[in-house]
Amino acid sequence: MNREKVQIFDTTLRDGEQVPGCKLDTNQKLVIANRLDEMGVDIIEAGFPVSSPGDFLSVSEISKVVKNAIVCGLTRAVKNDIDVAAQALKYAKRPRIHTGIGTSESHIVHKLNTTREDIIARAKFAVSHAKSYVEDVEFYAEDAGRTDNEFLAIVCEEVIKSGATVLNIPDTTGYCLPEEYGAKIKYLKENVKGIENVILSCHCHNDLGMATANSIAGAVNGARQIECTINGIGERAGNTALEEVVMIFKQHPYLNLYTDIDTKQLNEMSRLVSESMGMMVQPNKAIVGANAFAHSSGIHQDGVIKNRATYEIMDPLDVGVNESLIVLTARSGRAALAYRSKKVGYELTKVQLDIVYVEFLKFADIKKEVLDDDIHQIIEACKMNKELILN
């Protein structure tokens, strides 16, 4: 089978910035946008231009500097929103307007206080009006995850007629199970007239921890764009993590799906976003967390030292991490101690290692992690006790 590309739509600068306390200024956004462009992101959602003068300025300035990626601005299905977004995107080499409206019964009744017929009319107007400014128009059906499939298909068909080039099917509340979300994408692929002429996009939230799984399920069932953020940052529990979907496709070639992301830039990109937003990455975060390639269990350490592939499915170099870490704790075995001792200049024999290991365990029970300087101290202690003789 031929491999098919999945476009990466990064919304770190829009959805990611909606996290309380993570506000970025225009200069910070420009730095991140340039790095996303260099990394190979296909679409950069630069902001929500009508929301504030600062966001308008950021979208406008990003439009001027991005060389390769499509630059996208978010709007509601409101004429003024679309007019303002078009103005902000006027310098972009490849502009896209991202417009839409809620389609679930919850949104129609409780948020918008309207009817399904009005939703369709407003959706069609928004897409048509955006199309008068740009060729590339993405339509989002907010809360599509909880929208009846038959009604969702009708909305999609109508906005395709109005000129939409991309259909965003968001699981806005992170409610769907992967099989449900995948089935929704499959249903649209099979039941929407003209669907072959547009790109289906996944935009999944992580409220139940399934954003990445849902996005992959969507891609397997025909979606060819995934909307995501660096570090999975985003409103509430966050969004699909860019680094996760990219590496899933890379590590599972049988899916016959790929992206154009330079994965060796992932770790550095993660650090940049984390530092810029003041949002720490959890140590056990997949791909980019500090512990993603760290081993402290003696059983695991022994395996990794003998052959990295015994406990690592990715080469750390592939994501921009220099090497795996063997972390010395009270759970570490002799193999890990010998490995780390050698790195700081001690080639221990089996007898010497047995002696040092006893002292090491005493030290490790007191201190959470044994560092390189501690190894020197442990060995000196063994020498002083005349238990150890080193040539």
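Here the structure is a predicted model, which means the values were calculated and not measured. Just so you know, the residues in each chain are numbered from 1, in the order the chain's sequence is written. Note on the predicted model: pLDDT of at least 70 is required for a residue's local features to be given, and 80 or more for side-chain atom pairs to be given and counted; whole-chain, interface and lining totals, by contrast, use all residues. Think of the side-chain values as coming from all heavy atoms in the structure, minus any hydrogens and water.

Thoughts on the overall build of the chain
Just so we agree on the cut-off: What counts as a helix is a DSSP run of H or I of at least four residues, what counts as a strand is a run of E of at least two, and both are numbered from the N terminus. Think of it in three bands: residues with accessible area under 20% of the maximum for their type are buried, residues over 50% are exposed, and the middle band is partly exposed, with areas taken using a 1.4 Å probe on protein chains only. Contact definition: two residues touch when any of their heavy atoms are within 4.5 Å.
Assigned secondary structure in the chain consists of 14 helices and 12 strands. The C-alpha extent of the chain, read off along each of the three principal axes, is 85 × 40 × 40 Å. When the 391 residues of the chain are sorted by exposure, 55% land in the buried category. A separation of at least 24 residues holds for 72% of the contacts in the chain among residues at least 6 apart in sequence.

A few points about the packing of helix H7 (residues 178-191) against helix H8 (residues 211-220)
Put simply, the rule reads: Axis geometry follows a simple rule: fit a line to the C-alpha atoms, using only the stretch in contact for helices, then measure angles between N-to-C directions, giving values from 0 to 180 degrees. Crossings are sorted by hand: turned counterclockwise from the far helix by less than a right angle, the near helix makes the crossing left-handed, and turned clockwise it makes it right-handed. In this classification, the charged set is Asp, Glu, Lys and Arg, the nonpolar set is Ala, Val, Leu, Ile, Met, Phe, Trp, Tyr, Cys and Pro, and all remaining amino acids, among them Gly, are polar.
H8 packs onto H7 with a crossing angle of 30° between their chain directions and a minimal axis gap of 8 Å. As for how H7 packs across H8, the hand of that crossing is right-handed. Between H7 and H8, the contacting residues are Pro178, Tyr181, Gly182 and Ile185 on the first element and Ala213, Asn214, Ala217 and Gly218 on the second. Residues belonging to the contact of H7 with H8 are distributed by class as follows: five nonpolar, three polar and no charged.

Focus: the domain arrangement of the chain
Rules: Throughout, the edges of the domains are those of an automatic or database domain assignment. Buried area is understood as the total, over both parts, of accessible area removed when two parts are fitted together, assessed with a 1.4 Å probe.
Examined at the domain level, the chain breaks down into domain 1 (2-275) and domain 2 (292-380). Computed over C-alpha atoms, the centres of domain 1 and domain 2 are 43 Å apart. Listed per partner, the contact involves seven residues of domain 1 and seven residues of domain 2. When the two sides are added together, the surface that domain 1 and domain 2 hide from each other amounts to roughly 580 Å², 54% of it contributed by carbon and sulfur. When the buried area of domain 1 at its contact with domain 2 is split by residue, Gln251, Lys264 and Asn267 rank highest and sum to 64% of it.

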